[in-house]
Amino acid sequence: MPHRSMTLLFLSCAIAFSTLSSAEEIPAELIQPDAEISFERDIRPMFKAACAHCHGEEEELSGGLDVRLRRLLVAGGDSGASIVPGKPGESYLVDRVKNGEMPPEGSGHPLTAEQVAKLEQWITGGAPTLRSEPEEIGRGMLITEEDRSWWSFQPVARPELPEVQHTDRVRSPIDQFILKPLEQQGFSLSEDADRKTLMRRAYIDLLGILPTPEQVVAFENDDSPQAWERLVDSLLSDPRFGERWGRHWLDVAGYADSEGVSNNDPERKWSYKYRDYVIQSFNNNKPYDQFLIEQLAGDELVELPYEELSEGEIEKLTATGFLRMAPDGTMGSGIDQNLARNQVIADTMQIVGSSILGLTVNCAQCHEHRYDPIPQADYYRLRAVFDPAFNWQDWKKPAQRQISLYTDADRAAAAELEKEAKAIEAERTKKQNEHIERVFQEELAKLPEEEQPLAKEARETDAKKRTPEHKQILKKYPSLNVSAGSLYLYDRKAADELKKMAADANAIRAKKPKEEFLRVLTETPGKVPESFVFHRGDHEQPKEEVKPGGLTVLQQVSLTANSEAPSIPVNDPELPTTGRRLAYAKTLTNGSHPLVARVMVNRLWMHLLGRGIVETPGDFGKLGAKPTHPELLDWLASDFVDNGWDIKGMIKQIMLSTTYRQSLLTDEGLLAVDPDNRLYGGARMKRLEAEVLRDTVLAISDKLNAKPFGPPIPVMADRVGQWVIGKENLNAGRPGAKIDLNGEEFRRSVYVQVRRSRPLAVLETFDSPRMEPNCAERTVSTVAPQSLMLMNGVFVLEQSAALAQRLKTETGDDRRALIERAWELVYNRVPNDSEMADAEQFLIEQTELLKSRAGKDDDPEIQAVASLCQVLLSSNEFLYVD
């Protein structure tokens, strides 16, 4: 049978099993396609979340009651009919629900009062359905027509551009989609923001730092109609773009420099190479489809064995670090290894599901998903895609998953250098022995002549074989015990000669190529594990075997759309690996997957506009938010795919729109209608993220070290136990002592170590996420510790002092010039007259106050300026971007 026919037959059978078989004849009056409240649309979803786990989806039917169909509710269970259509007061189910007896406490989600009222209303109306029901259904999840019609499961279709009235505000098709609902409410887009505001917004959004005053002036003086587009292009080509946008992806990937789980939180020495891969991928504008394929299956694109690797092969293998970001406690001892291994896999599945699919697939690990049409079997079919690389019964611990980057040339060079070092050491040993013998002879000559033969004999005799006389004479004349360790006591010059030779040998060894490793995910050739559904997620209770596959609901939608459902091989004979992950990655990126492009363009939109078109970027399922502008989302997704999955191109398209360029929403009429700005009728104020805040402060104080890539900057505890940047000096004999990092401590935050047990205080205070296992969307809080950090934190105090010194150096004794420069650096504008007068008065009064308290080495003028700088860096105008 042809492949397509087999696929269609398989999916047809799957649909028949899990949905309809032969339709039962239902009285026409009960089938009401236009019913205000229906079983399919309103009642079944609440029962699915609260009751179906015990009443229909499990093999055992609790109480004999199945709640998955209307007719089964009427038939009832062991206690008789559960509902009586038209008579909620006589319906046993209603009574049980109202009394809190169903679902039983601890076994499900109780129905809310609103849901109970809806249930009664539905029964009162005769318990209508939208369509006829099947006579027979098997156990497990029903994937219904309502499930298949969920918006995010539909194929992406490029919509027609809507007609709008305010054509003068249209710079991009994006604006037409935004304008249409605004105009329906009687509004339009807000006016464009001024150039300084736009430039500040663009720099923060694309680079994560502020423009310099000189850059602001240059942009303001550029009268060209292409000035904004040129600015956007220049920022997209800036290497700092990858550092800013790479951080966004590292959030959803769950990037960390430590394993987590255990108290000692072992470091991941080589995970930084994945971080650098992500940054470089964004800078190089790697197409998103290629980006995903490499991360999911880069190893399957490289020939075995993984030796003598090219740069391209190293890049692909490094990319698989994406699948090695989950917490991994399997290095620890005294733990349930099998449980720990399966937890690594579960966390990895959660990362893949939320970052790429935008679904909470992980919620189907222990039972059928309560809200989305994801059967538990689907979870384990998807897990089976990764099982050959995460074989929990033949597990590889983190150290066993490393690939050496050493080449034959490296080994040859190391061997030559070792040979050279050993030659020096051999010469050193020869000279050392000569010096020792010479010194011994000199000391021997000092003994009485009659004792010299015995002393000579004692020295030449093995220590274990020496006689009492030997031992006695050596004890009598300790100067005869000349050795390599004591030579310097007799001949300092000779010892220093020997010391230099040892240093020379060490210096030669230091020239050896350093062996580095990649933290990767690979399969063991020839080992193809079987995959099973685990009863209630317990690996010790395997049930039926499953083969690798995607989500059934997407296959059914694909079949309905008359397109072929891609298959995933169990073991591809054309590859040395199983080929499962590669096939799955290609399925995701073939351009027809309904979720992948939508999820990514929604993230791009969120990072630029402050809120996603779907406000739950990691959940496009039924508990997530629906898109505020579904046609726009589909237009962006289709345009993204049609233009080669071009991330920078999509970002540019959004930023060139009028929608992005708007000033803050201030229209009181529109705010009354849309207080949360879901219609995007104006710009949204955004607070600086934790890393952006730190990096921007460093840039303003002129301390920022722009060095890219490489091992992470370490984190340590200071004297009060806060986690700060630094490396402990364990030889100092006091807590909090640091080793000089030579300016490395001022590098961008993306290069600071992400140690799960050591969250950097200045970042955590401003909502830097902990990776447990990843972060689909950051929270933005306003809490007291943030104010305390800005008032008393060492980082802010030190950088305020550094900024004060910079201002003094650049402006000398001109107080007004100093204030103006401070405003330009921090706010990208000059102070108004009132601000200038207030700042001058503050500096005068603060200087006088500090003079009265000054010590011998204090500089009250600089300290006053530092106080002013701290005020500016703590202000809302600095912390928030319009």
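Residues numbered from 1 in each chain as written. Predicted model: local features only at pLDDT ≥ 70, side-chain atom pairs only at ≥ 80, totals over all residues. Heavy atoms only, no water.

This part is about the confidence of the model for the protein chain. Counting all residues, the mean pLDDT for the protein chain is 92, and 96% of those residues have values of 70 or more. Every residue in residues 1-24 scores below 50 in pLDDT, and together they form 46 contacts with partners more than four places removed in sequence or on other chains. (pLDDT = per-residue confidence, 0-100. Contact = heavy atoms within 4.5 Å.)

Turning our attention to the packing of aromatic side chains. Geometrically, a pair of aromatic rings is defined through the distance of the ring centres and the angle of the planes. Counting across every chain of the model gives 26 aromatic pairs. With a centroid separation of 6.4 Å and 50 degrees between ring planes, the pair formed by Phe219 and Trp228 is classed as tilted. The class for Phe219 is buried, based on a relative accessible area of 7%. When the centroid spacing of 6.2 Å and the interplanar angle of 85 degrees are considered together, the rings of Trp392 and Phe534 count as edge-to-face. Taken together, the residues Trp392 in the loop between helix H16 (376-386) and strand S1 (402-404) and Phe534 in strand S3 (residues 531-534) connect sequence positions 142 residues apart. For the pair formed by Trp392 and Phe534, the shared burial category is buried. Members of the aromatic cluster, connected to one another through ring pairs, are Trp249, Tyr274, Tyr277, Phe282, Tyr288, Phe291, Phe322, Phe640 and Trp645. (Phe/Tyr/Trp six-rings, centres within 6.5 Å; stacked < 30°, edge-to-face > 60°. Buried < 20%, exposed > 50% of the residue type's maximum accessible area, 1.4 Å probe, protein only. Helix = DSSP H or I, 4+ residues; strand = E, 2+ residues; numbered from the N terminus.)

Put simply, helix H32 (residues 794-811) and helix H33 (residues 815-827) touch, their axes get as near as 9 Å, and they point 125 degrees apart. Here H32 lies oblique to H33, going by the angle between them. At the point where H32 passes H33, the crossing takes the right-handed sense. Within the contact between the two elements, H32 uses Leu803, Arg806, Leu807, Lys808, Glu810 and Thr811 and H33 uses Ala817, Leu818, Arg821, Ala822, Leu825 and Val826. (Axes fitted to C-alpha atoms, helices over the stretch in contact; angles between N-to-C directions. Parallel < 35°, antiparallel > 145°, perpendicular 65-115°, else oblique. Left-handed = near helix turned anticlockwise from the far one by under 90°.)

Here we take up the side chain of Ser152. With respect to the helices, strands and loops of the structure, Ser152 is situated in the loop between helix H6 (145-148) and helix H7 (173-184). For Ser152, a relative accessible area of 0% puts it in the buried group. Polar side-chain contacts of Ser152 include one of 2.9 Å to the backbone oxygen of Phe620. When residues no more than four places from it in sequence are discounted, the contact partners of Ser152 are Pro594, Leu595, Arg598 and Phe620. (Polar contact = N/O pair within 3.5 Å; in protein donor to acceptor, adjacent residues only side chain to side chain.)

Here we come to the pattern of salt bridges. Within the structure shown, the criterion is met by 70 salt bridges. Between Asp265 and Arg755 there is a salt bridge, with the nearest N and O atoms lying 3.6 Å from each other. In this pair, Asp265 sits in the loop between helix H11 (240-253) and helix H12 (272-283) while Arg755 sits in the loop between strand S9 (738-739) and helix H30 (761-764), placing the two residues 490 residues apart along the sequence. Looking at Arg755, the relative accessible area reads 10%, which means it is buried. (Salt bridge = Lys/Arg side-chain N within 4 Å of Asp/Glu carboxyl O.)

Before going further, it helps to examine a nonpolar patch on the surface. Nonpolar side chains collect at one region of the surface, where Tyr488, Leu489 and Tyr490 lie side by side and expose about 300 Å² of accessible area between them. The exposure class of Tyr488 is partly exposed, given its relative accessible area of 39%. (Patch = residues over 30% accessible without salt bridge, like charges linked within 9 Å, V, L, I, M, F, W, Y side chains within 5 Å. Areas by Shrake-Rupley, 256 points an atom, 1.4 Å probe, with all protein chains shown as cover.)

Considering the arrangement of structural elements, one finds Ala421 in helix H17 (residues 408-444). Remark: the alpha-carbon pair of Ala421 and Ala507, spanning 86 residues in sequence, is separated by 8.5 Å.

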